[in-house]
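The primary structure of each chain is shown beneath.
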Amino acid sequence: MKNIKIGILTISDRASQGIYEDVSGQEIRKVVDNYTNDSCDFAYCVIPDEENLILEKLIHLSDIEHCSLIFTTGGTGPALRDVTPEATEKACQKMLPGFGELMRTESLKQVPTAILSRQTAGIRNQTLIVNLPGKPSAIETCLKAIFPAIPYCIDLLEGPFMICNPENIQIFRPKK
């Protein structure tokens, strides 16, 4: 059985400069490790909030690294330098707005400023790309909401079969 390859792309000017540690990328990996029973191979990088660089990295992780799933963290707010959704839309052939809608819905239960978030998701070739917020507690909230649909989406993209830990997350696959 083929390991699933997952890209984690942290978008942060300050983390990319070493001003602070990237706790958001670490949180994604921790949650994914908790949810899956698979052996996951992770491709990880931290880059500044530069749209062309984000686009280049998304294309590289999808087309060269052959990640079945890419999570971004950061750059989804309304600030002038927040350009992750724009780069994601340029990288993808199909957008999946339901991911962002569900993440905002769940996040609104915690903070009223969740309406400022612009997370989205889309498909580039056989890769699912999901924008997550930059705050670690919001990452856990969002992944808990959307992860049940991720393995089936990867199935539909003809990616590796993802096995999850039913004690930690209940995924959905239609009965055959």
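See above for the structure.
Residues numbered from 1 in each chain as written. Predicted model: local features only at pLDDT ≥ 70, side-chain atom pairs only at ≥ 80, totals over all residues. Heavy atoms only, no water.

1. Some details on the overall build of the chain
The line we're drawing: Each helix corresponds to a stretch of at least 4 residues labelled H or I by DSSP, and each strand to a stretch of at least 2 residues labelled E; elements are numbered beginning at the N terminus. Radius of gyration means the value over C-alpha atoms here, while the globule rule gives 2.2 Å times the residue count to the 0.38 power. Burial classes follow relative accessibility: with a 1.4 Å probe on protein chains only, a residue under 20% of its type's maximum area counts as buried, one over 50% as exposed, and anything between as partly exposed. Should any heavy atoms of two residues lie within 4.5 Å, those residues are counted as being in contact.
Assigned secondary structure in the chain consists of seven helices and six strands. Mapped from its N terminus to its C terminus, the chain presents α and β elements in the order β-α-α-β-α-β-α-β-α-β-β-α-α. In terms of overall dimensions, the chain is globule-like: its C-alpha atoms have a radius of gyration of 15 Å, near the 16 Å expected for 176 residues. Along the three orthogonal principal directions, the C-alpha set of the chain runs to about 45 × 40 × 30 Å. By the burial criterion, 49% of the 176 residues in the chain qualify as buried. Sequence-distant contacts in the chain: of pairs separated by 6 or more residues, those separated by 24 or more amount to 73%.

2. Considerations on the packing of aromatic side chains
This is how the line gets drawn: Stacked, edge-to-face and tilted are the three classes for Phe, Tyr and Trp ring pairs, Trp counted by its six-membered ring, which pair at centre distances within 6.5 Å; planes under 30 degrees apart are stacked, over 60 edge-to-face, the rest tilted. Charge-over-ring contacts are defined here by two conditions on Lys NZ or Arg CZ: a distance within 6 Å of the ring centre and an angle within 35 degrees of the ring normal.
Taken as a whole and judged by the stated rule, the model has one aromatic pair. The residue whose ring lies beneath Arg-173 is Phe-161, and the NZ or CZ to ring-centre distance is 3.8 Å.

3. Let's talk about the nonpolar core
To keep it simple, the criterion reads: Residues grouped as a nonpolar core are buried Ala, Val, Leu, Ile, Met, Phe, Trp, Tyr and Cys residues, joined through side-chain atoms within 4.5 Å.
Judged by nonpolar contacts, the single largest core of 30 residues is most densely connected at Phe-71, Val-130, Leu-132, Phe-147 and Ile-150. Not counting the four nearest positions on each side in its chain, Leu-132 is found in contact with Ile-28, Phe-71, Thr-72, Thr-73, Gly-74, Thr-76, Met-103, Gln-119, Ile-139, Cys-142, Leu-143 and Ile-146. Membership of the second largest hydrophobic core comes to 16 residues, among which are Ile-47, Ile-54, Leu-55 and Ile-129.

4. Observations regarding the sheet that holds strand E6 (residues 127-132)
The condition is simple: For two strands to be treated as a pair, DSSP must find at least two bridges joining them.
With mixed pairing, the six strands of this open sheet are ordered in space as E2-E1-E3-E6-E5-E4. Edge positions in the sheet fall to strand E2 (40-47) and strand E4 (94-95), since each has one partner strand and no second. Where strand E5 (residues 121-124) lies against E6, four bridges are found, and the strand directions are antiparallel. Among the inter-strand pairings, Gly-122 is bridged to a residue of E6, identified as Ile-129.

5. Looking at the pairing of E5
What you see with E5 is no split at all: Ala-121 and Ile-123 on one side and Gly-122 and Arg-124 on the other are buried throughout. Direction of pairing for E4 relative to E5: antiparallel, over a ladder of two bridges. Looking across to E5, one finds that Met-95 is bridged to Gly-122.

6. Considering the environment of Thr-127
We apply this condition: Identification of polar contacts relies on pairs of N or O atoms within 3.5 Å, with a donor-acceptor requirement for protein atoms, meaning one able to donate a hydrogen and the other able to accept it, and with residues adjacent in sequence counted only if both atoms are side-chain atoms.
Here Thr-127 lies in strand E6. Linking Thr-127 and Glu-158, residues 31 residues apart in sequence, is a C-alpha distance of 9.6 Å. With residues up to four places along the chain from it excluded, the contact list for Thr-127 reads Ser-62, Cys-67, Ser-68, Leu-69, Ile-70, Gly-122 and Leu-157. Only 2.9 Å separates the side chain of Thr-127 from the side chain of Ser-62, close enough to count as a polar contact.

7. Re unusual backbone geometry
Its identity as a non-glycine residue notwithstanding, His-66 has a phi of 60°, on the positive side. Its location among the elements puts His-66 in the loop between helix H3 (51-64) and strand E3 (69-73). One non-glycine residue, Glu-158, lies in the positive phi region at around 65°. Among the structural elements, Glu-158 can be located in the segment after helix H7 (150-156).

8. Comments concerning a nonpolar patch on the surface
We count it as follows: Patch rule: a residue counts if its relative accessible area is over 30% and it has no salt bridge; like charges are joined within 9 Å, and nonpolar side chains (Val, Leu, Ile, Met, Phe, Trp, Tyr) within 5 Å. Here the accessible surface of atoms and residues is derived via Shrake-Rupley with a 1.4 Å probe, and residues count as covered only by protein chains that are part of the display. Between Lys or Arg on one side and Asp or Glu on the other, a salt bridge is scored when a side-chain nitrogen of the former is within 4 Å of a carboxyl oxygen of the latter.
Together, Leu-108, Ile-115 and Leu-116 give the surface a local cluster of nonpolar side chains, amounting to about 280 Å² of exposed area. Counting through the fold element by element, Leu-108 comes out in helix H5 (residues 97-108).

9. What to know about the packing of helix H2 (residues 23-35) against helix H6 (residues 136-146)
Rules: Angles run from 0 to 180 degrees between N-to-C directions of axes, and those axes are lines fitted to C-alpha atoms, restricted for helices to the stretch in contact. If you view the pair so one helix is near and one far, a crossing is left-handed when the near helix is turned anticlockwise from the far one by less than a right angle, and right-handed when it is turned clockwise. For this scheme, ten residues count as nonpolar: Ala, Val, Leu, Ile, Met, Phe, Trp, Tyr, Cys and Pro. Four count as charged, namely Asp, Glu, Lys and Arg, and the remainder, Gly too, count as polar.
Taken N-terminus to C-terminus, the directions of H2 and H6 make an angle of 30°; their axes are 9 Å apart at the nearest point. H6 is crossed by H2, and the crossing has right-handed handedness. Note on element contacts: H6 touches H2 through Pro-136, Ile-139, Glu-140, Leu-143 and Lys-144, opposite Val-23, Ser-24, Glu-27, Ile-28, Val-31 and Tyr-35. Each residue belonging to the contact of H2 with H6 can be placed in one class, and the counts come to seven nonpolar, one polar and three charged.

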